[in-house]
Structures are given as C-alpha cells and as structure tokens.
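Structural features, examined
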Amino acid sequence: GDMLDDGSTAPPAEQDDESAQEGAGALGEKPGAMRRVADADDGAESISSVVSGCSERRDSILAELDSALELTRELQKLIVFATRSDVLRTGTASFMRDHIRTLLVVSSANADKAIRLVSEERCSRGVSSELIKPSDGGLFNSLGDSIIQRVMQALDGEDLSRARQVCKRWSSFASDERLWKHLCLSVWRALESDSALWAVIDASIQLSDPARWRKIYPSVRWRKRWTCRLQKTGRFVCDLVAHQISGGPLGEKGLPSTLVVERRFNISHLQTFVLPEASVLYFEPAKDEDRAGYEEFIAYLLRRTRAGLALEDHRRFIFIPPCAYSKQLNYLGPSLLGVVQIAYPPLANQGPEG
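Let me begin by describing the structure that accompanies this report. For clarity, every value in this text was computed on a predicted model and none was experimentally measured. (Residues numbered from 1 in each chain as written. Predicted model: local features only at pLDDT ≥ 70, side-chain atom pairs only at ≥ 80, totals over all residues. Heavy atoms only, no water.)

If you walk across this open sheet you meet the eight strands as β3-β1-β2-β5-β8-β7-β6-β4, and the pairing is mixed. Of all strands in the sheet, those bounded by a partner on one side alone are β3 (258–261) and β4 (263–266). Going from strand to strand, the sheet's axes swing by 35° on average, the running direction of each strand aside. Contacts between helix α14 (residues 291–303) and the sheet are confined to β1 (225–232), β2 (235–246), β3, β4, β5 (279–285), β6 (306–312), β7 (315–320) and β8 (336–341), with β2 contributing the most and set at about 80° to the helix. (Pairing = 2+ DSSP bridges. Helix = DSSP H or I, 4+ residues; strand = E, 2+ residues; numbered from the N terminus. Axes fitted to C-alpha atoms, helices over the stretch in contact; angles between N-to-C directions. Contact = heavy atoms within 4.5 Å.)

We now examine the state of the cysteines. In this structure the tally under the stated criterion is zero disulfides. Here C228 is not disulfide-linked; the sulfur of C238 is the nearest cysteine sulfur, at 8.1 Å. On the basis of relative accessible area, C228 is assigned to the buried category, the value being 4%. (Disulfide = S-S within 2.5 Å. Buried < 20%, exposed > 50% of the residue type's maximum accessible area, 1.4 Å probe, protein only.)

This next bit is on the packing of aromatic side chains. Per the stated rule, a full pass over the model turns up seven aromatic pairs. Put simply, the rings of W188, Y282 and Y331 pair up and form one aromatic cluster. Over the face of the ring belonging to W222 we find R221, whose NZ or CZ atom lies 4.3 Å from the ring centre. When the ring centre of Y300 is taken as origin, the NZ or CZ atom of K232, which lies over that ring, is 3.7 Å away. (Phe/Tyr/Trp six-rings, centres within 6.5 Å; stacked < 30°, edge-to-face > 60°. Lys NZ or Arg CZ within 6 Å of the ring centre and 35° of its normal.)

Relative to the helices and strands, R164 is located in the loop between α8 (157–163) and α9 (168–174). Setting aside anything within four residues of it in sequence, one finds R164 in contact with S171, A174, S175, W180 and R214. A distance of 2.7 Å separates a polar atom in the side chain of R164 from a polar atom in the side chain of S175. (Polar contact = N/O pair within 3.5 Å; in protein donor to acceptor, adjacent residues only side chain to side chain.)

Mapping R229 onto the fold places it in strand β1. Judged by its relative accessible area of 32%, R229 falls in the partly exposed class. Distance from R229 to T258, taken between C-alpha atoms, is 4.5 Å for residues 29 residues apart in sequence. Apart from residues no more than four positions distant in its own chain, R229 is found in contact with F236, C238, D239, S257, T258 and L259. Here Q231 takes part through its side chain, which lies 2.8 Å from a polar atom of the side chain of R229.

On to the pattern of salt bridges, then. Per the counting criterion, the structure on display carries 13 salt bridges. In this structure, D159 and R162 form a salt bridge, with 2.6 Å as the shortest nitrogen-oxygen distance. Note that D159 and R162 are positioned in helix α8 at a spacing of three residues, about one turn of the helix. Accessibility expressed as a relative area gives 53% for R162, which makes it exposed. One salt bridge connects D288 with R189, and the closest N-O pair in it is separated by 3.1 Å. Note that D288 is positioned in the loop between β5 and α14 and R189 in the loop between α10 (177–187) and α11 (196–201), a separation of 99 residues in sequence. Because the salt bridges share partners, they merge into one network encompassing D239, K287 and D290. (Salt bridge = Lys/Arg side-chain N within 4 Å of Asp/Glu carboxyl O.)

Now for the nonpolar core. W188, L191, L270 and I318 are the most contacted members of the largest nonpolar core, which totals 44 residues. With six residues, the single largest contributor to this core is α10. Setting aside its immediate chain neighbours within four residues, L270 contacts F265, A307, I318, I320, C323 and Y325. Ranked by size, the runner-up nonpolar core spans 23 residues in total, among them L230, I298, Y300 and F317. (Core = buried A, V, L, I, M, F, W, Y, C linked by side-chain atoms within 4.5 Å.)

The quantities given are spatial measurements derived from coordinates; they are silent on function.
In structure tokens:
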C-alpha cells in the first residue's frame, strides 16, 4: 500500500475501485489507464486527416495534440472533483495518482503522435520543402537558436566534437568558442590569465587562433590533475590544483592531500638537484579565496631566492617560483611550478631555513 501523511500504510489500491469509478465518471472519461491510452490513441489517429500537407497547419496540429492548456484543464478538473467528492476527501490519494499517471501517458502518446504525423506528412501536396527533413537535422531544425545554444551548453567536449560532424548547422553551434572556453576553464582556470601556460601545454597553438580553445581542449581535458592543501610548517597557505605538464606518472598515490613545505634551499641548486626523469607540475589556486595565500607564498620564495621542499617517504616535492630554472622548463610565466621525484642528492649542508 501507499504511505499516508501520518506514516501509516494505506490499504491496497483495489479498495479504491469505487472512488476510481466515481472519479472517472465525473471527469467524463472511461475508467482505467489502458482504456484511456486506447481512447487517446484513437483520438490522435482521427486527427491524422487534419494534416493536409500545408505547412501553416503544422503548429496547430502540434498544439492540438500536445496542448499545455488542455493538460492544465484536466488537472484542474481533477482538483475540483477531488475537493468535492466525499469519497476522495476521506479516502487515499491512489485514485488521484492513477489519474495523473494516466494523464501523463495520454499526453506523451499524443505528443509522439503529433511529431509522427508532422514528420510523415510530406510531399503529398508539394510542401515537402517547407516541412522538416531528417537529413537536415530532423525536428532539431525547428528549434530556435537560443534553445539549441542551451542544448550545446549541456554537452561535454566529446559530445560537442560528435555534434560538429552531424551537419553544417550543428557544426556551427558546436564550434562556438565560448563553449570550448567554458569547458577548458572548468578544468584549468589559469588558461584565461596566464598566456605563457599555453606554450607549455601545446606550443603549436597560437593565441591569435580563433579556434584555440577548441584545439587545446583535448590536451587540457586528459592531463592528470590533483588537489592538495599547501602548508608551511605550522601554517596553512592555500589549497592548490596541480596539473602535470611533463614527466612520468606519479604512480597510484598521485599527489598527497597535504604538502608541508619543511625546508627551503637556494634556487641556484635546482640545476643540480632536479633529476632528468622528474615529473613537472603547474600549480594554481583551487579557488578565488586561495589566490592571496598562493601569491604570498610565491613572493616569499622570490624574496629569499629559495625553492620549497616537501617530503613524503621516498618522494620529494620541490616548489619552484618564477626563475631562470623555470624558463629551462619552457615556462616563462608568473606561476608556481613543482617537481616530483623519487630521490635527490643529499642536502646535509643546506640546513633548514625559516
């Protein structure tokens, strides 16, 4: 049975047959969902004669079969009847639920019938050019530009790429650079403000290229990235997003959830300490509120001409501010880079610094 408002269980639906019959009679309908659907289908079939092949009648056919106003009237009739019926006022809501389900089934059947009638009724009176052709995108072409744009905004990059192959109109909408820009920035926000980053990701793409966001999307989408919390000893700095820009995989562990910068050393030693097989990361603030801490950390390293060092078992995480070494990594911008490697030469004579 159905659950009542007070938490008790309603009796089985067959106990409401009397109210269902009464409701069906009051609404001028045959009882039972299956009979309703059959009636609706018969009614829809009878409207097929209305479709004479005239394109000016298309909208009226759709409106007649799939009318929001008609569905609203049916719901209003149900509400009025329910408030006046003594049986329904004191009984369960199963009749109303069944009736609403039936209305939805009928409405869906009518909508499908209307679409089929409009699509099939072509060429009979020389108006096929005015009706929708499946080869040109089917009913999609009857939608306004604003609706199509909303549809495209809901797609990911893979689906947009497929949409570009369908037809010229789809390709036009799916090639909108604003869509590709949004997808790219949802993954890597710094692309909007750090022009030097583009050359690191794909040096073949020019910033002047009108299709640059679409072209760089695959390289952005499939790169490994992690989020982590950056701390100096005893103090939170900011939350980061780390994107891998070169080097081998970081393994199953990826990046630790928290990196604590325990040591610092002079950036002049980077040339010696960083191993050729090291993985290189690009760090950006995870959120807008993290930017202040992020920029303060970079300024702190630059003032002291230091690189930061975090340790985890046998792995070493080196934080590199903009410097000559970051240029050797082909990055010329103002952001923080990172290096991840398994081992490095001893730093015994480089004691810890504040």
